[in-house]
Amino acid sequence: MATRTIALRNFTFLFSFAVVVVLLSASAQTGSSSKTSTKPWMNSSLSPDERATMVVKEMTLDEKISLLHGTGMSGLGPVSPLAVHSNGGAGYVVAIPQLGIPAIQMSDAAYGVRMSGENGRYSTALPACVAGAASWDLDAAHEYGALIGRELRAQGYNMSLGGGVNLTREPRNGRNFEYMGEDPILAGKIVAQVIKGTQDQHVIGDIKHYALNDQESGRNAANVNIDKRAMRESDLLAFEIGLRESDAAAVMCSYNRVNGDYACENHYLLTEVLKNDWNFKGFVLSDWGGTHSAAKASAAGLDHEEPAEIFYGAEFKKAVEVGKIPKSELDDHVHRILRSMFATGVIDDPPEKSVVDVAGGFEVAQKIAEQSIVLLKNEQNQLPLDASKLHSIALIGAHSDVGMISGGGSAQVDPPGGNAILPPGKGRTHWQDHIWFPTSPLKAIKAKAPGVSVQYDPGTDPSSAADAAKAADVAIVFAYQWESEGMDLESLSLPENQDALIAKVAAANPHTIVVLETGGPVTMPWADQVSGILEAWFAGSRGAEALANLIFGDVNPSAKLPVTFPKSDADLPHPTIAKPPVHSTTRDGDHEAWKRIAAGLPAFQVTYDEGLKVGYKWYDAENKAVLFPFGYGLSYTTYEYSGLKVTPGDRVQVTFTVKNTGSRPGAEVAQVYAALPSGAGEPPKRLIGWSKVQLNAGESKEVTVEVDRLYLSIFNVAKNGWERVPGDYAFMAGGSSQNLPLKETVSLK
Ligand code: BGC
């Protein structure tokens, strides 16, 4: 009886369960089929293009126009009442709910999601982008972008405004920390992985600032003069590779003019190169306030204006109505925006606000920092420090008791804990505040060396710092160079008397290690006087922990410089940076400045006559000795290169062996360079590939670097295409651009 009852109960349960399942799936089906029957573009098995075409057919003129512009940002044009629905990021494009099209919520996200402080949220601050490039690690770059994608989604955003890849043509550019170094192949491949990582999280990725916005001074007025071959083989090549290897859905055009026209209304850049030659299918959005017209910009290929509707609202609509802007042009802009939304998954898998994975973020930030800090000097194996043999360490300068500096401007991330040099709770950051992330070198070093006395000296008085150094076994001096959007550095010298501080400390203690926190190269008049130098860049939320792991040898340094460190400003292509005349600038605090900018400030000329000779290509060609070359970085072990073999073909293969000849495991960024045939008219050599090789002590590995044909080509302006010049090519492999022990010359067709 009991068994029957149970059986009956089970039957009743199973029956009701089955009914519920049938009903649920029926209703789900009616739900989704009614959705796809009324909105057939919601069928995710169709291609993004098919889906976008269907939506465009259904749209009214007003709906189309609403996708062409943002809703405003105070100080940068009119702000629409609809802006109240913004998620708090830099850009917001309204939804079209009747068509099932969500809003686009954009946030700056160069090294982490911006504006979390004022929105009461949390973001991880990764090491600066230049540090990511110093890892030369494509997996790390992918994880960099993925973390940003995850945190954007958790905060309710579906579009990133990261992906800065302007080349370090001008080492004093205040935004170099947001970029990926001076080489187009390294920068292009790294940025591609960052964007891919972000887009894999179903967030629209963006690559910026297209193009040649290589200095901040006078950025809204500058007219960059450069010849076509030079731009295609330098700055534009970074974008070309970045786009080709990532399918980035958006490109942000830059503030400056290029060869006469503003980048955001430059037909050559936007249509001929980007959309035609590179077959870019996504959309072009203007930098914030970088639009200067409706009809001209539209015809040139600008799809979307940010942050407001100065030109791409009423004026654009009127121009369409009177036939000044063809309807087909409007539809193409709209198609590109919708296509990008379908392609990246922001319509099928919209973000839901959730808890940001703080612990996971810290872990990623630290891992990337450990792979990006470059060991530049290590006299007599000063590093790693052995805590068991030390009694005292003097820690000097740069607020190293409490934090590490970060890069400012629209890249600025608000760190949890706020600015380390302010009282807790001051979580919001203001434009161009100097923000010290609360990652304390003093604490991290003390934790590694519990029995050692670690004394901090602020470094403001060099004599007292020297006394502290003298009394200690080892002195570690922290020095910094803050950088930000909206400014350039006057020179590559460290500010605030830090050179004198380091020299004085070094004179007091022969065991002096300098830790640099900079966004790019600095000069080092004291380099010969110190025993160790580490370039930590802007090291992010967990910079101090990563640094301590390197200093004490828990992590073996493996990063290499993505930029040359020159000996002096005089060696740069432009010994002084071009500055705009007053009439080409706007006044700070002028709330109407955007009107003058939109109308177009009088141009001032910036001539990049070094052309494609950016970074090491310049110093090589000019025979100028440098302080630390591109690709350089030491390890606590040593490597040996042997057995170069070059296999010619369409994709040349370069094979060689790397051996770890030291006593600890390490990772070597083995680099391959090529010298093109003399008739090609190129600088002495270019990077064409690399492989990051993990090696245990004593271990050897054979590596093969397969070289993309593009990387051995030159741009032929007359034919508007890339070509590999037939002739003799020298292939070189080694540990930096100036340490290439292997060389073989082969003839290529
Ligand atoms: C910057 C962009 C940024 C935008 C939105 C501009 O000033 O140049 O990089 O994405 O502002 O904040």
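The preceding data block contains the structure.
Since this is a predicted model, take the numbers as computed values, not measurements. (Residues numbered from 1 in each chain as written. Predicted model: local features only at pLDDT ≥ 70, side-chain atom pairs only at ≥ 80, totals over all residues. Heavy atoms only, no water.)

A. Expanded view of the side chain of Glu682. By the element assignment, Glu682 lies in the loop between β23 (666–675) and β24 (686–695). For Glu682, a relative accessible area of 19% translates into the label buried. Looking at Glu682, its side chain comes within polar contact range of the side chain of Arg686, at 2.8 Å. In this structure, Glu682 is in contact with Arg229, Glu233, Leu612, Leu676 and Ile714, ignoring residues within four places of it in sequence. (Helix = DSSP H or I, 4+ residues; strand = E, 2+ residues; numbered from the N terminus. Buried < 20%, exposed > 50% of the residue type's maximum accessible area, 1.4 Å probe, protein only. Polar contact = N/O pair within 3.5 Å; in protein donor to acceptor, adjacent residues only side chain to side chain. Contact = heavy atoms within 4.5 Å.)

B. Quick look at the pairing of strand β2 (residues 104–107). Residue alternation in β2 divides its side chains into two sets, Ile104 and Met106 and Gln105 and Ser107, and both sets are buried. Where strand β1 (residues 91–93) lies against β2, three bridges are found, and the strand directions are antiparallel. What sits directly across from Tyr92, in β2, is Gln105. As defined by bridge partners, β2 adjoins strand β3 (residues 159–160) across two bridges and the pair is classed as parallel. Residue pairing for β3: Met106 is matched across the bridge by Met159. (Pairing = 2+ DSSP bridges.)

C. Expanded view of the site of the ligand. If you check the shell around the ligand, you find 14 residues, and the closest are Asp108, Arg175, His209, Asp287 and Glu485. In this structure, an oxygen atom belonging to the ligand sits 3.3 Å away from a side-chain N or O atom of Arg114. Side-chain polar atom of Arg175 to an oxygen atom of the ligand: 2.8 Å apart, as the coordinates give it. Starting from 310 Å² of accessible surface for the ligand in isolation, the protein chains cover 95%. Looking at side-chain class alone, the shell around the ligand contains five nonpolar, two polar and seven charged residues. (Near = heavy atom within 4 Å. Areas by Shrake-Rupley, 256 points an atom, 1.4 Å probe, with all protein chains shown as cover. Nonpolar A, V, L, I, M, F, W, Y, C, P; charged D, E, K, R; others polar.)

D. Structural detail: the pairing of strand β6 (residues 250–253). With burial as the criterion, each face of β6 is covered, one bearing Ala250 and Met252 and the other bearing Val251 and Cys253. Looking at chain direction, strand β4 (residues 206–210) and β6 are connected through three bridges and run parallel. Paired with Asp206 across the strands is Ala250, a residue of β6. Where β6 and strand β9 (residues 283–286) come together, four bridges link them in parallel fashion. In the sheet register, Ala250 faces β9, and the bridge partner there is Phe283.

E. Region of interest: the side chain of Lys208. Positionally, Lys208 belongs in strand β4. Among the polar contacts listed, one links the side chain of Lys208 to the backbone oxygen of Leu161, at a separation of 2.6 Å.

F. Summary view of the pattern of salt bridges. Taken as a whole, this structure holds 42 salt bridges when the rule is applied. The partner of Arg114 in a salt bridge is Asp108, and the shortest N-O contact between them spans 2.8 Å. Like Arg114, the residue Asp108 is buried in the burial classification. The partner of Glu682 in a salt bridge is Arg686, and the shortest N-O contact between them spans 2.8 Å. Connected through salt bridges with shared partners, the residues Arg175, Glu178, Glu216, Arg219 and Glu485 form a single ionic network. (Salt bridge = Lys/Arg side-chain N within 4 Å of Asp/Glu carboxyl O.)

G. Spotlight on the packing of aromatic side chains. The full count for this structure, using the stated rule, is 16 aromatic pairs. A ring pair is formed by Phe177 and Phe538, whose centres lie 5.5 Å apart and whose planes are at 65 degrees; its orientation type is edge-to-face. Of this pair, Phe177 sits in the loop between β3 and α6 (184–199) while Phe538 is found in the loop between β17 (532–535) and α17 (543–551), placing the two residues 361 residues apart along the sequence. Of the residues examined, Phe538 reaches a relative accessible area of 3% and is grouped as buried. Ring centres of Tyr616 and Tyr673 lie 6.1 Å apart, and the angle between their planes is 90 degrees; this geometry places the pair in the edge-to-face category. (Phe/Tyr/Trp six-rings, centres within 6.5 Å; stacked < 30°, edge-to-face > 60°.)

H. Broad picture of empty space enclosed by the protein. Going through the model one piece at a time under the given rule, you end up with five cavities of 30 Å³ or more. The volume enclosed by the largest cavity comes to roughly 110 Å³. In terms of lining, the largest cavity is formed by 14 residues, of which the most central are Glu233, Leu237, Lys617, Glu682 and Arg686. Across the lining of the largest cavity, the residue classes break down as eight nonpolar, one polar and five charged. (1 Å grid on protein atoms, 1.4 Å probe; cavity = no way out; pocket = protein on both sides within 12 Å on 5 of 7 lines; lining within 4 Å. Points joined across faces, edges and corners; volume = space filled by probe spheres on them.)

I. The arrangement of the nonpolar core in detail. Among the nonpolar cores identified, the biggest contains 199 residues, and Tyr111, Tyr210, Leu269, Leu338, Leu385, Ile476 and Met524 are the most heavily contacted of them. In terms of residue count, the dominant contributor to this core is strand β15 (residues 474–481) (seven residues). Those residues in contact with Leu269, other than ones at most four positions away along the chain, are Tyr210, Ala211, Met231, Leu236, Val258, Ala263 and Leu274. Leu237, Tyr641, Val654 and Ala680 belong to the second largest nonpolar core, which has 33 residues in total. (Core = buried A, V, L, I, M, F, W, Y, C linked by side-chain atoms within 4.5 Å.)

J. Expanded view of the sheet that holds β3. Taken in spatial order, the three strands make up an open sheet running β1-β2-β3, and their pairing is mixed. Of all the strands in the sheet, the pair left with one neighbour each is β1 and β3.

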